[in-house]
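Listed below, chain by chain, are the residues.
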Amino acid sequence: MTCRSDLFLLAVNLTRRCNLACDHCYMDAETRDSGGSNELTTHEVEGLLDEIASRSNETMVVLTGGEPLLRRDLEKLVNHGSALGLSIVVGTNGVLLNESRVQQLKAAGAMGLGISLDSLDPAQHDGFRRCPGSWEKTLAGMEACRKFDLPFQVHFSVTEQNAHEVQGMIDFSRAAGAHVLNIFFLVCTGRGESMSDITPQRYEAVLKQLVEAQAATSDLIIRARCAPHYKRIAYQLDPESPLTRAQGYEGGGCLAGIHYCRITPEGGVTACPYIPDEEGTIRETPFWQIWDNSPTFAQLTHPNLGGKCGKCEYQQLCTGCRARPKALGGSLMDADPWCSYQPEGKPIIQPLVPAITDDVSWSSEAEKRLSRVPAFLRKMVRKRAEEHVRKLGETVVTPEHMATLAKNRFKNSMPSRPPGNVSSIAEAGAQPISDAPPLPWTSEAQTHLDTMPPFLQEGVRQVAEDVARNEGRLEVNMKLLQRLEDEDEPRRAFPWDEEAEHLLKIALSDRGPQVSLFVQPSMEAAVEREVKRRRAQRVAVEDVIKVLDTLMAGVEWNPEALERVKSAPEFVRAGIKKAAEFAARREGLEVITSDDLTRFRNRAMMRAVRRMKGFDMKTLDFDAFEIARERMPRLKDNEQAARRFAEIREYVESHQNPDSSGLGTLGRDLIEKMRRELKE
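Residues numbered from 1 in each chain as written. Predicted model: local features only at pLDDT ≥ 70, side-chain atom pairs only at ≥ 80, totals over all residues. Heavy atoms only, no water.

- The name that an unreviewed UniProt entry assigns to the protein chain is Pyrroloquinoline quinone biosynthesis protein PqqE, with the source organism given as endosymbiont of Escarpia spicata.
- Within the UniProt record for the protein chain, the comment given under Cofactor (unreviewed entry) is "[4Fe-4S] cluster". (UniProt positions renumbered as here; feature names shortened; annotations may be inferred.)

As structure tokens, then:
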């Protein structure tokens with residue numbers, strides 16, 4: 001048997017059962033009461049762990065699901081693996097993590113837990129997970145880990161709906177005491193097949209944000225997962241970045257079939273969760289035999305990349321995601337459709353190959369310590385240790401040098417424990433970690449904030465946190481809010497007409513008790529800004545009407561753009577307006593112009609084309625709906641979707657119709673671009 005590359009990470013899906021039904025799950029996990037009849041037994045999983053440890057105990061094993069906490073033998077499996085010297089991590093949604101379970105997992109030898117959190121907004125997280133109250137339970141699970149000193153990581157899956165929360169999640173993870181924040185990027189398979197991925201441009205921007213955040217963060221390891229472009233961006237920003245293979249770091253990009261694979265609940269071996277093709281099953285063939293002899297794994301290890309990936313100077317550092325082109329109907333070696341970088345024809349950047357030098361040697365104790373460093377870090381650590389020793393004018397690497405390096409790993413980004421005066425994870429939402437740190441809110445105070453109009457919430461939050469910070473508080477609670485309510489009197493800069501007063505009172509009459517605290521003063525301030533805009537000296541009813549009619553959360557419309565929306569068919573008009581305002585807020589625009597509207601439309605249409613390519617469509621016509629209905633369960637027997645499609649088709653075909661496609665309303669340039677995309 002020929003030994004292949006080292007296995008850094010093995011994910012074992014113990015079960016398809018799950019207590020949640022998350023929108024993005026690649027497992028299409030079944031409910032607690034169904035499935036599981038053919039799952040690997042305790043004995044089979046223990047045999048797998050024995051086999052892994054027989055070659056090396058450096059492999060990290062992640063026991064996940066479904067929801068692994070539903071396996072009654074989980075602690076037994078953790079104990080068995082840790083006793084073999086393997087690093088055992090449990091990946092969980094955290095809902096079932098009570099104090100007792102955390103203590104049991106720690107006693108069994110778990111090295112840590114990976115806990116999924118999809119939003120800092122409880123309602124959004126619970127909606128995404130399809131389980132009311134799951135957010136609170138997940139945070140309680142993190143608190144239990146912290147209480148009993150069991151290290152944990154936060155796992156955050158990025159979508160268009162929560163991409164704006166990346167910085168907030170970084171701040172939260174630091175304050176909560178997480179050792180690592182893993183940012184996952186969707187590959188649309190499983191139940192996530194019907195979800196839209198973030199755009200390539202947004203993907204690029206978030207990855208750049210993560211690289212920069214890591215460079216500025218000294219107490220949290222921040223990593224992008226299922227996002228090999230992370231390495232390319234890190235190199236572009238800093239060729240000396242320790243995050244790339246050019247500096248010896250083998251992790252953080254796409255390891256599928258190279259240094260990583262996963263085991264399905266029934267024993268199948270696949271390159272990654274998003275590449276469903278099985279290379280064999282451990283019930284029939286020893287694991288290492290599959291790992292060493294899989295043609296697919298060999299192809300991934302020495303890829304012959306197609307398209308622009310095969311021409312890219314970063315191909316050795318990045319390789320692109322191999323699952324995405326396959327998920328869209330292509331082959332493993334096709335160009336990654338979610339990479340927006342265009343190769344520049346430069347020489348291929350090569351991974352680090354440690355030079356053999358005679359000027360620096362290693363003591364036996366230092367070599368032993370190096371052998372305990374995770375394999376994906378070893379080249380980088382060796383290189384940096386020898387550089388460190390040379391700078392000191394010395395010739396032998398010692399354990400003391402290694403200890404110094406450990407403190408500076410990832411540019412001083414070793415994790416640390418959270419401040420001792422933070423009393424809970426929920427309260428850790430924002431410790432003093434930046435020039436303008438956010439503060440945690442109690443659930444009752446947060447509920448009050450959530451009921452306010454979205455365009456007022458940020459101002460409300462800032463006022464309350466400023467007061468709390470000035471008083472040395474660690475949180476915003478209802479006691480503070482009540483005191484502010486009792487003490488605060490509206491301070492108006494202009495006199496108000498009686499009609500304006502009356503209109504505002506009527507508009508706020510159906511609001512909750514928090515109105516007198518923040519909403520009314522904020523509304524009054526907005527009204528008085530309107531007075532200033534028209535250079536008046538007194539608040540009139542027209543100023544109040546202007547504010548009350550503004551439902552765009554701070555985004556205004558250029559008259560030409562607004563007229564275009566008004567001219568759209570009635571059945572899509574509201575959707576267009578809402579989507580455009582969402583996109584504008586995401587980009588920080590204050591005014592939506594006609595050009596912006598065209599750009600948003602074109603971007604949406606190109607996303608639709610990429611989805612059509614995933615359905616193997618080659619031409620641009622209305623057959624897409626029938627194909628989508630066959631491929632996407634949510635469209636099958638969906639009468640409302642069928643009616644909406646019929647309306648769209650009727651409208652398009654009854655208007656500008658320069659060709660047989662009936663898509664003339666989109667403009668010839670866009671249509672041709674869509675057609676080219678389908679053919680490429």
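1. Remarks on the overall build of the protein chain
- Of the regular secondary structure elements, the protein chain holds 26 helices and 15 strands.
- Looking at the protein chain as a whole, 48% of its 680 residues are labelled buried.
- Long-range pairs, those at least 24 residues apart, make up 69% of the contacts in the protein chain with a sequence separation of at least 6. (Helix = DSSP H or I, 4+ residues; strand = E, 2+ residues; numbered from the N terminus. Buried < 20%, exposed > 50% of the residue type's maximum accessible area, 1.4 Å probe, protein only. Contact = heavy atoms within 4.5 Å.)

2. Some points on the sheet that holds strand 7 (residues 152-158)
- The strand order across the open sheet built from 9 strands is 9-8-7-6-5-4-1-10-11, with neighbouring strands paired in mixed fashion. Either end of the sheet is taken by a strand with one partner, and the two such strands are strand 9 (221-225) and strand 11 (269-270).
- Inspection of the sheet shows strand 6 (residues 112-116) paired to strand 7 by 4 bridges, in the parallel sense. Bridge assignment links G114 to a residue of strand 7, and that residue is Q153.
- In the packing of helix 5 (residues 134-147) onto the sheet, the strands contacted are strand 6 and strand 7, and the crossing angle to strand 6 comes to about 160°.
- Its contacts with the sheet put helix 7 (residues 200-216) on strand 8 (180-185) and strand 9, and the angle it makes with strand 9 is roughly 155°. (Pairing = 2+ DSSP bridges. Axes fitted to C-alpha atoms, helices over the stretch in contact; angles between N-to-C directions.)

3. Here's the deal with unusual backbone geometry
- Between G65 and G66 the backbone carries a cis peptide bond, its omega angle lying at 20°.
- One non-glycine residue with positive phi stands out, namely D149, at about 60°.
- Mapped onto the fold, D149 is located in the loop between helix 5 and strand 7.
- Backbone geometry places C226, a non-glycine residue, at a positive phi of 55°.
- Inspection of the secondary structure puts C226 in the loop between strand 9 and helix 8 (229-237).

4. Notes on the pattern of salt bridges
- Applying the stated criterion to the full structure yields 19 salt bridges.
- With a shortest N-O distance of 2.9 Å, E266 and R16 are connected by a salt bridge. Here R16 lies in the loop between strand 1 (9-13) and strand 2 (17-18) and E266 lies in the loop between strand 10 (260-263) and strand 11, a separation of 250 residues in the sequence.
- On the basis of relative accessibility, which here comes to 22%, the residue E266 falls in the partly exposed class.
- Assessed through its relative accessible area of 24%, R16 is described here as partly exposed.
- The structure contains a network of salt bridges with shared partners spanning R17, E39, R71 and D73. (Salt bridge = Lys/Arg side-chain N within 4 Å of Asp/Glu carboxyl O.)

5. Here's the deal with the side chain of N13
- As for its position among the elements, N13 is in strand 1.
- Given a relative accessible area of 1%, N13 falls into the buried group.
- Polar side-chain contacts of N13 include one of 2.9 Å to the backbone oxygen of G65. (Polar contact = N/O pair within 3.5 Å; in protein donor to acceptor, adjacent residues only side chain to side chain.)

6. Section: the environment of T64
- Topologically, T64 is positioned in strand 4 (residues 60-64).
- Taking C-alpha positions, T64 is 8.5 Å from V89, a pair spaced 25 residues apart along the chain.
- Setting aside its immediate chain neighbours within four residues, T64 contacts V12, N13, L14, T15 and G91.

7. So, the pairing of strand 8
- Burial within strand 8 is extensive, with 5 of its 6 residues counted as buried.
- Pairing geometry for strand 7 and strand 8, over 6 bridges, is parallel. Note on strand 8: the bridge partner recorded for H155 is N182.
- As paired strands, strand 8 and strand 9 are joined by 5 bridges and run parallel to one another. Within strand 9, the position partnered with F184 by the bridge is R225.

8. With respect to the packing of aromatic side chains
- Within this structure, the stated rule accounts for 6 aromatic pairs.
- Between the aromatic rings of Y235 and Y314, the centroid separation amounts to 5.9 Å while the plane-to-plane angle is 70°, which identifies the pairing as edge-to-face. Here Y235 is found in helix 8, whereas its partner Y314 is found in the loop between helix 10 (295-301) and helix 11 (323-327), with 79 residues between them in sequence. Pair check on accessibility: Y235 and Y314 agree, each one buried.
- By the ring-pair criterion, three or more aromatic residues cluster together here, those being F287, W288, W291 and F297.
- Sitting above the plane of the W288 ring, R55 keeps its charged end 3.9 Å from the centroid.
- If you follow R382 out to its NZ or CZ, it ends over the ring of W362, 4.8 Å from the centre. (Phe/Tyr/Trp six-rings, centres within 6.5 Å; stacked < 30°, edge-to-face > 60°. Lys NZ or Arg CZ within 6 Å of the ring centre and 35° of its normal.)

9. Structural notes on the nonpolar core
- Formed by 89 residues in total, the largest nonpolar core has its most connected members in L105, F185, L210 and F287.
- For this core, the leading source of residues is helix 7, giving 6 residues.
- Setting aside chain neighbours within four positions, we find L210 in contact with V166, I170, I183, F185, I222, A224 and Y230.
- Core analysis: the second largest hydrophobic core is formed by 13 residues, L504, L508, A526 and V539 among them. (Core = buried A, V, L, I, M, F, W, Y, C linked by side-chain atoms within 4.5 Å.)

10. Topic: the packing of helix 18 (residues 498-508) against helix 20 (residues 541-548)
- With their axes 8 Å apart at the nearest point, helix 18 and helix 20 run at an angle of 25° to one another. Between helix 18 and helix 20, the interaxial angle falls into the category roughly parallel. Residues E499, A500, L503, L504 and A507 of helix 18 form the contact with helix 20, whose participating residues are V541, V544, I545 and L548.
- Taken together, the residues that form the contact of helix 18 with helix 20 break down as 8 nonpolar, no polar and 1 charged. (Parallel < 35°, antiparallel > 145°, perpendicular 65-115°, else oblique. Nonpolar A, V, L, I, M, F, W, Y, C, P; charged D, E, K, R; others polar.)

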